[in-house]
Amino acid sequence: MAYTTIDDPGLFFNTVIYTGDGNDDRTVTGVGFSPDLTWLKSRDETEHHTWNDTVRGANKQLYSNLSYAEGTDTDRLKSFDSDGFTLGTDVIVNKNNIKFVSWNWLAGSNAANTAGDIDSTVSVNTTSGISICSWTHDGGNSTIGHGLGAIPEVIITKERNNSGSWNSYFASVGNAHRMVLQGTNAKISSSIWNSTTPTSSVFTMNDSITSQMIAWCFTPIKGYSKFGAYEGNGNDDGIFIYTGFKPAWVLTRQTNGGNYWHIHDNRRNAFNVRNTQLKAGNSAADETPGSGENSRDFVSNGFKFRDSDHNNSSQEYLYMAFAESPFVNSNGIPNNAE
């Protein structure tokens, strides 16, 4: 059996950096596909993280640093295109001479899903293990079909009509807890998942809300994506986390203390050491902390910390990682370490 089914991860996930020009109908290209989920952030200024996807529609925004309800704006992300996306003039996504980053995922065509108690609309890519799922919650304990055909290990949910937390399921913290993407909350004991682990067809939500909902669901794909937990060792010669690929993008977060979700990628820092970070739940611009804080290397089969930060002794951390290249391709050929 081949090590991986994805030899070129850039066909399914890609980070693209660009500089705003302030002009209407600004096209950003180089993604390599027409994205179904695009997450945008200003690198130079304090601005919101904006999430746009093809299930809700290109001009519908949510902000992972805020609990706000969904907004509609035709002057931010205007369309998803064959090799990227088109922007309006709004300064959050296209301010003149300001640097931005976009993180882009490929899913699939929108389709109806009737596997759960509540019908959903899903955009699914079973090859790369992503499902974007929309439904209207009924105020009770209900199952929702995700369409992955595999058990999701990460589910990020958000109310669309109302203000509310970015409640997120991580298999590594279990079905009796939730993580919150915005802010700095530690893991929270919760019945929101009805103490029920997702299956290959549905996940469960037990919530009093009656709102349109959106969920981004991920299942790991060998050589392309990995989600899990690690325990820090507190050393500057930090812990190594095996992923089975050279990462393109890594999100990390302490589970049992107040901290932000830190994002590192292979475009803002093209070479090791990777020490430029953004925070998913904070509007701050790019940060490059001093004294090696929160620095890490991306290597052929994982990532390794170069500092004790986000690597504190005996503390548990979550991570999500997507690949630049698999450790071994489908023909059994290893990739080259940096």
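To be clear, the structure that these remarks concern was listed above.
Rules behind the numbers
Residues numbered from 1 in each chain as written. Predicted model: local features only at pLDDT ≥ 70, side-chain atom pairs only at ≥ 80, totals over all residues. Heavy atoms only, no water. Helix = DSSP H or I, 4+ residues; strand = E, 2+ residues; numbered from the N terminus. Rg over C-alpha atoms; globule rule 2.2 N^0.38 Å. Buried < 20%, exposed > 50% of the residue type's maximum accessible area, 1.4 Å probe, protein only. Areas by Shrake-Rupley, 256 points an atom, 1.4 Å probe, with all protein chains shown as cover. Lys, Arg positive; Asp, Glu negative; His and termini not counted. Charge placed at Lys NZ, Arg CZ, Asp CG, Glu CD. Salt bridge = Lys/Arg side-chain N within 4 Å of Asp/Glu carboxyl O. Pairing = 2+ DSSP bridges. Core = buried A, V, L, I, M, F, W, Y, C linked by side-chain atoms within 4.5 Å. Contact = heavy atoms within 4.5 Å. Phe/Tyr/Trp six-rings, centres within 6.5 Å; stacked < 30°, edge-to-face > 60°. Lys NZ or Arg CZ within 6 Å of the ring centre and 35° of its normal.

A. Looking closely at the overall build of the protein. A count of helical and extended segments in the protein gives one helix and 27 strands. In terms of overall size, the protein behaves like a compact globule, its C-alpha atoms giving a radius of gyration of 19 Å where 338 residues would be expected to give roughly 20 Å. The principal-axis extent of the C-alpha atoms belonging to the protein is close to 50 × 45 × 45 Å. Out of the 338 residues in the protein, the part that is buried amounts to 59%. Of the roughly 12000 Å² of accessible surface on the protein, 43% is carried by carbon and sulfur atoms. The protein carries 24 positive and 35 negative side-chain charges, and their two centres are separated by 3 Å.

B. Structural context of the pattern of salt bridges. Evaluation of the coordinates by the stated rule reveals 18 salt bridges. Between Lys246 and Glu324 there is a salt bridge, and its shortest N-O distance comes to 3.8 Å. You can see Lys246 sitting in strand β22 (residues 245–254) and its partner Glu324 sitting in strand β27 (residues 316–326), a full 78 residues away along the chain. The exposure class of Lys246 is buried, given its relative accessible area of 8%. By relative accessible area, Glu324 is classed as partly exposed at 33%.

C. Highlighting the pairing of strand β12 (residues 130–136). Where burial is concerned, most of β12 is hidden: six out of the seven residues are buried. Bridging between strand β11 (residues 120–125) and β12 involves five bridges; their strand directions are antiparallel. Each residue of the ladder has a partner; that of Val122, found in β12, is Cys133. The hairpin formed by β11 and β12 contains four residues between the paired strands, and Gly129 there has a positive phi angle of roughly 75°.

D. Broad picture of the nonpolar core. Core analysis: the largest hydrophobic core is formed by 53 residues, its most contacted members being Trp103, Trp105, Trp216, Phe218, Trp249, Met320 and Phe322. If you tally residues by element for this core, the top one is strand β9 (residues 99–105), at four residues. Beyond its immediate stretch of four places on either side in the chain, Trp216 contacts Leu37, Trp51, Asp53, Arg56, Leu62, Ser131, Ile132, Val154, Ile155, Ile156, Lys158 and Trp166.

E. View of the sheet that holds strand β5 (residues 57–63). Spatial strand order, β1-β9-β3-β4-β5-β6: six strands in an open sheet with antiparallel pairing. Looking along the sheet, the strands with just one partner apiece sit at the ends: β1 (13–19) and β6 (71–72). Pairing of β1 with β9 involves seven bridges; the strand directions are antiparallel. Within β9, the position partnered with Tyr18 by the bridge is Phe100.

F. The arrangement of the sheet that holds strand β20 (residues 225–231) in detail. Pairing in this open sheet of five strands is antiparallel, and the strands run β20-β27-β22-β23-β24 from one edge to the other. Either end of the sheet is taken by a strand with one partner, and the two such strands are β20 and β24 (278–279). Bridge count between strand β23 (residues 262–265) and β24: two bridges; the pairing is antiparallel. Bridged to Ile263 within β24 is Leu278.

G. A look at the packing of aromatic side chains. If you walk through the whole model with that rule in mind, you get 29 aromatic pairs. Judged by centre distance (6.1 Å) and plane angle (75°), the rings of Phe12 and Tyr224 are edge-to-face. Of this pair, Phe12 sits in the segment before β1 while Tyr224 sits in the loop between β19 (212–218) and β20, and the two are 212 residues apart along the sequence. The pair Phe12 / Tyr224 is uniform in exposure class, with both members buried. Positioned over the ring face of Trp261 is Arg253, at 5.7 Å from the centre of the ring.

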